[in-house]
Amino acid sequence: MNLSLYLLTVLIWGTTWIALKLQLGVVAIPVSIVYRFALAALVLFVLLLLSRKLQPMNRRGHLICLAQGLCLFCINFMCFLHASQWIPSGLVAVVFSTATLWNALNARVFFGQKIARNVLLGGGLGLFGLGLLFWPELAGHSASPQTLLGLGLALLGTLCFSAGNMLSSLQQKAGLKPLTTNAWGMAYGATMLAVYCLAQGIAFDVEWSTRYIGSLLYLVIPGSVIGFTAYLTLVGRMGPERAAYCTVLFPVVALNVSAFAEGYQWTAPALAGLVLVMLGNVLVFRKPKALLTAKAATA
């Protein structure tokens, strides 16, 4: 079961980046996000009510869901979709894979967990790898403020995603399952964005094209209902550290899809950068040798 959930998460979230790119066009970015998570929340609530598995929540639970919706189903996707306007979707996925590094830093901030030396080393490798991946855009004639803006937005979206993970962890420690918290979080996130759109006078247009509707349905069912449920179920079954390994493989899938669909071209620095980003993620979740030795000595 763990292996199936792992592979499912990698395949789905490794391909949703190109679907996000296909959402860009006639419909405003925040409106597309409202459609996605409003529909996903509706599907989850229907499934939970029919199966009688919707858990009751107190005020604290709803407040955390509200914050989770803001971080996990609102601001971060605004950042990712805007970033996709300036940089290839595969590179956005690579930046997203650094969530493993930010999770370690946020665990220090939220829960006071000590940051190990391997985390600092992995973080340094990951950031250096990101520099290599973006070097052709930054050093060549195509370098522009928009490229830096895309990179910055992708990093901000990743930080929000990481904060949402911390909030989800709090909910699970309180006994609330991901299906229930995801349903409420998606509903809250969609509602907040809808209010924002109304306040800004953004029209709720719909693009009745196969490209838009198809990508929307893919993001709603596999990308949101199945993807988030599978990932957070892995967190519950395997722990957040082991579950986070799947994010290391996202760039491999996403960049190859980007090469096929967007004409992304691999270069030697980009390939080296991808390897460093993945190595940095692996190092973050590698148990320090000294700790393993100490455990063996006390066994």
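Structure: above.
Described below are features of the structure shown in this document. It should be emphasised that the depicted structure is a prediction, and the values quoted were computed from it without experimental measurement.

Each helix and strand counted, the chain has 14 helices and zero strands in total. Listing the helices and strands of the chain from first to last along the sequence gives α-α-α-α-α-α-α-α-α-α-α-α-α-α. Taking all 299 residues of the chain together, the buried fraction comes to 50%. Relative to all contacts within the chain whose residues are 6 or more apart in sequence, the contacts with residues 24 or more apart total 88%. For the chain, the exposed surface amounts to about 14,100 Å²; the carbon and sulfur share of it is 70%.

With that settled, the discussion passes to the state of the cysteines. Inspection of the entire model under this criterion finds zero disulfides. Free of any disulfide, Cys79 has its nearest neighbouring cysteine sulfur in Cys160, separated by 5.5 Å. On the basis of relative accessible area, Cys79 is assigned to the buried category, the value being 7%.

Turning our attention to the nonpolar core. In this structure, Ile33, Phe37, Phe161, Met186 and Phe228 are the most contacted members of the largest nonpolar core, which totals 60 residues. In terms of residues, this core owes the most to one element, helix H3 (residues 29-51), which gives eleven residues. Setting aside anything within four residues of it in sequence, one finds Phe37 in contact with Phe73, Phe77, Met186, Ala190, Ser224 and Phe228. Residues Leu5, Val10, Ala230 and Leu234 belong to the second largest nonpolar core, which totals five residues.

With that settled, the discussion passes to the packing of helix H6 (residues 99-111) against helix H8 (residues 145-173). Running from amino to carboxyl end, H6 crosses H8 at an angle of 55°, the nearest separation of the two axes being 9 Å. By the angle between their directions, the pair H6 and H8 is classed as oblique. Relative to H8, H6 is oriented so that their crossing is right-handed. Mapping the contact onto sequence places Ala99, Trp102, Asn103, Asn106, Ala107, Phe110 and Phe111 in H6 and Leu155, Thr158, Leu159, Phe161, Ser162, Ala163, Asn165, Met166, Ser169, Leu170 and Lys173 in H8. Residues belonging to the contact of H6 with H8 are distributed by class as follows: eleven nonpolar, six polar and one charged.

Running from N to C, helix H4 (residues 59-83) and helix H9 (residues 178-200) point in directions that differ by 60°, and their axes come no closer than 7 Å. By the angle between their axes, H4 is oblique relative to H9. In this structure, H4 meets H9 at a crossing whose hand is right-handed. Taking contact as the criterion, the partners of His62, Cys65, Leu66, Gln68, Gly69, Leu70, Phe73, Cys74 and Met78 in H4 are, on H9, Thr181, Asn182, Trp184, Gly185, Met186, Tyr188, Gly189, Met192 and Leu193. Here the contact of H4 with H9 is built from residues that sort into eleven nonpolar, seven polar and no charged.

To continue, consider H9. Counted at 1.5 Å a residue, the expected span for H9 with its 23 residues is 33 Å, and the 32 Å between its end C-alpha atoms agrees. Looking one or two places after H9, you find Gly201, whose phi comes out positive at around 70°.

Two aromatic rings are characterised by how far apart their centres lie and by the angle between their planes. Within the structure shown, the criterion is met by twelve aromatic pairs. Between Trp13 and Tyr231, the ring centres sit 5.2 Å apart and the planes meet at 40°, which makes this aromatic pair tilted. Within this pair, whereas Trp13 is found in helix H1 (residues 2-13), its partner Tyr231 is found in helix H10 (residues 210-238), the two being separated by 218 residues in sequence. As far as the burial class goes, Trp13 and Tyr231 line up, both buried. Here Phe161 and Tyr231 contribute two aromatic rings whose centre-to-centre distance is 6.4 Å and whose plane-to-plane angle is 40°, an arrangement assigned as tilted. In this pair, Phe161 sits in helix H8 while Tyr231 sits in helix H10, placing the two residues 70 residues apart along the sequence. Each member of the pair, Phe161 together with Tyr231, is buried.

Rules of the game
- One numbering rule holds for all chains: residues counted from 1, following each sequence as written.
- With the structure being a predicted model, the display of local features is reserved for residues of pLDDT at least 70 and the display and counting of side-chain atom pairs for 80 or more, all residues being used for whole-chain, interface and lining totals.
- As a convention, hydrogens and water are excluded, and side-chain values are obtained from all of the structure's heavy atoms.
- In DSSP terms, a helix is any run of H or I states spanning at least four residues, a strand is any run of E spanning at least two, and both are numbered starting from the N terminus.
- With a 1.4 Å probe rolled over the protein chains alone, any residue whose accessible area is under 20% of its type maximum counts as buried; one over 50% counts as exposed, and the rest are partly exposed.
- When checking whether two residues touch, look at their non-hydrogen atoms; a contact exists if any pair is within 4.5 Å.
- Method for areas: the Shrake-Rupley scheme with a 1.4 Å probe, in which residue coverage is limited to the protein chains shown.
- Two cysteine sulfurs form what is called a disulfide whenever their separation falls within 2.5 Å.
- Take the buried Ala, Val, Leu, Ile, Met, Phe, Trp, Tyr and Cys residues and link them wherever side-chain atoms come within 4.5 Å; each set so joined is a nonpolar core.
- What counts as an axis is a line fitted to C-alpha atoms, over the stretch in contact for a helix, and the angles between N-to-C directions run from 0 to 180 degrees.
- Each angle is binned into one of four classes, with values under 35 degrees roughly parallel, values over 145 roughly antiparallel, values of 65 to 115 roughly perpendicular, and all other values oblique.
- The crossing is said to be left-handed when, going from far helix to near helix, the turn is anticlockwise and less than a right angle, and right-handed when the turn is clockwise.
- For this classification, Asp, Glu, Lys and Arg are treated as charged, while Ala, Val, Leu, Ile, Met, Phe, Trp, Tyr, Cys and Pro are nonpolar and the rest, including Gly, are polar.
- Here the expected span of a helix is defined as 1.5 Å times the quantity of residues minus one.
- Under the pairing criterion, centres of Phe, Tyr and Trp rings, with the six-membered ring standing for Trp, must be within 6.5 Å; the plane angle then separates stacked pairs below 30 degrees from edge-to-face pairs above 60, leaving the rest tilted.

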